[in-house]
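Structural characterization, general
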Amino acid sequence: MSFRLSGTTARSSLCRILGLAAAFGSLVCSADAAQGTIAVAANFTSTAQELAAAFERRSGHDLVIATGSTGQLYAQIRQGAPFDVLLAADRERPALLFAEQQAAAEPFTYATGQLVLWSPDPQRIPQDGAAFLAAERKGRIALANPKLAPYGLAARESLVALGLWESYSGRIVMGQNIAQTFQITATGGVQAGLVALSQLQDAPADLKGSHWVVPSEMHTPIRQDAVLLLRGRNNPAARAFLAFLTAPEGCAAIRAAGYMTGEACP
């Protein structure tokens, strides 16, 4: 798990020193400013950081981002980790947290991800990725742990749908989350990796490579739900950030990152 400390801590300190409740350009001072800690599934890290930066500029609140696999974050929340909001990579864990009375409100879908077969080699993955997977007899592929990461589960379901899970079972290099799976693939230790389309959107030009979007009917939709946790029920930063996810600016940023947005978005 990793953390991103808020870039606006200095701004908030300055506001407290000056004792102001006013805006000077990009400096927003508010007596109601708060700090929220957001647990974010690894695949959504870069998008969450962009959203957090925009939110901080608009609201005056501060956010701290903690990342990891959805399974890891869920376990940490159940063990008392100090998170206010969970942005998961699935629907199951937020629903469980709500059922287990660890959440202050019902979850909602903020994004739906897309699975891709990817290689940093621009010539490796053809338009027919299914044929590539079927023809690959010796090479290894990377995928996230299906027990921890929804993208890993979608990858396994896709291989099962293609009738290839058994043939690849001894040739899988498994990452603990989708970020680690991308790194494994990027280093060239495998022929290809099953990763998130959003990761390719963020990748530098020399890593764009070649990819095939896995048909969505091959796996369970990768709907990603957000939920307000008990610790954040009275935290204005946490509540406002969740609202920002379904505001026009937040929705546009999520779409630009390679996701489809939920029904709450305009």
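Reference entry: report on the structure contained in this document. The structure presented is a predicted model; accordingly, all values stated were derived computationally and were not measured.

Analysis parameters
- Residues numbered from 1 in each chain as written.
- Predicted model: local features only at pLDDT ≥ 70, side-chain atom pairs only at ≥ 80, totals over all residues.
- Heavy atoms only, no water.
- Phe/Tyr/Trp six-rings, centres within 6.5 Å; stacked < 30°, edge-to-face > 60°.
- Helix = DSSP H or I, 4+ residues; strand = E, 2+ residues; numbered from the N terminus.
- Buried < 20%, exposed > 50% of the residue type's maximum accessible area, 1.4 Å probe, protein only.
- Disulfide = S-S within 2.5 Å.
- Core = buried A, V, L, I, M, F, W, Y, C linked by side-chain atoms within 4.5 Å.
- Contact = heavy atoms within 4.5 Å.
- Salt bridge = Lys/Arg side-chain N within 4 Å of Asp/Glu carboxyl O.
- 1 Å grid on protein atoms, 1.4 Å probe; cavity = no way out; pocket = protein on both sides within 12 Å on 5 of 7 lines; lining within 4 Å.
- Points joined across faces, edges and corners; volume = space filled by probe spheres on them.
- Nonpolar A, V, L, I, M, F, W, Y, C, P; charged D, E, K, R; others polar.
- Pairing = 2+ DSSP bridges.
- Axes fitted to C-alpha atoms, helices over the stretch in contact; angles between N-to-C directions.

1. Looking at the packing of aromatic side chains
- Enumeration according to the criterion identifies five aromatic pairs in this entry.
- Judged by centre distance (5.4 Å) and plane angle (75°), the rings of phenylalanine 55 and phenylalanine 241 are edge-to-face. In this pair, phenylalanine 55 is assigned in helix α2 (residues 45–59) and phenylalanine 241 in helix α10 (residues 236–245), connecting sequence segments 186 residues apart. Just as phenylalanine 55 is buried, phenylalanine 241 falls in that class too.
- The interplanar angle of 55° and the centroid separation of 5.8 Å between the aromatic rings of phenylalanine 55 and phenylalanine 244 together place this pair among those described as tilted. Linking phenylalanine 55 in helix α2 with phenylalanine 244 in helix α10, this pair joins segments that are 189 residues apart in sequence.
- The class of phenylalanine 55 is buried, set by a relative accessible area of 3%.

2. Describing the state of the cysteines
- Across all of its chains, the model carries one disulfide by this definition.
- The side chain of cysteine 251 participates in a disulfide bridge whose partner is cysteine 265; the two sulfur atoms lie 1.9 Å from each other. A torsion of -90° about the S-S bond marks the disulfide between cysteine 251 and cysteine 265 as left-handed. Placement of the pair is cysteine 251 in helix α11 (residues 248–256) and cysteine 265 in the segment after α11, with a sequence separation of 14 residues.

3. Focus: the nonpolar core
- Ranked by internal contacts, the top residues of the largest apolar core, which has 57 residues, are Phe44, Leu87, Leu133, Leu194 and Phe241.
- Excluding its chain neighbours within four sequence positions, the residues that come into contact with phenylalanine 44 are Leu51, Leu87, Tyr110, Ala111, Gln224, Ile254 and Tyr259.
- Of all hydrophobic cores here, the second largest spans 12 residues; its members include Ala66, Tyr74, Phe83 and Leu86.

4. Examining the pattern of salt bridges
- Inspection of every chain in the model, using the stated rule, returns six salt bridges.
- Here arginine 58 makes a salt bridge to glutamate 249, at a shortest N to O gap of 3.3 Å. Linking arginine 58 in helix α2 with glutamate 249 in helix α11, this pair joins segments that are 191 residues apart in sequence.
- Judged by relative accessible area, arginine 58 falls into the exposed class, the value being 52%.
- Assessed through its relative accessible area of 33%, glutamate 249 is described here as partly exposed.
- As a salt-bridge pair, aspartate 121 and arginine 124 come within 3.9 Å of each other at their nearest N and O atoms.
- Given the relative accessible area of 29%, aspartate 121 is considered partly exposed.

5. Observations concerning empty space enclosed by the protein
- Across all of its chains, the model carries two cavities of 30 Å³ or more by this definition.
- Of the volumes computed, that of the largest cavity is approximately 60 Å³.
- Along the walls of the largest cavity sit Ala41, Ala42, Asn43, Gly68, Ser69, Thr70, Ala89, Ala149, Pro150, Tyr151, Asn177 and Ile178, which together make up its complete lining.
- Looking at side-chain class alone, the lining of the largest cavity contains seven nonpolar, five polar and no charged residues.

6. A look at the sheet that holds strand β12 (residues 210–213)
- Within the open sheet, the five strands sit side by side as β10-β9-β11-β8-β12. Their pairing is mixed. With partners counted over all chains shown, the strands left at the sheet margins are β10 (172–175) and β12, one partner each. For this sheet the average axis-to-axis angle between neighbouring strands, irrespective of direction, equals 30°.
- In this structure, strand β9 (residues 141–144) lies alongside β10, joined through four bridges in parallel fashion. What sits directly across from alanine 144, in β10, is glycine 175.
- Lying on the sheet, helix α6 (residues 150–161) is in contact with β8 (115–119), β9 and β11 (192–196); it crosses β9 at an angle near 130°.
- Lying on the sheet, helix α8 (residues 178–186) is in contact with β8, β9, β10 and β11; it crosses β11 at an angle near 145°.

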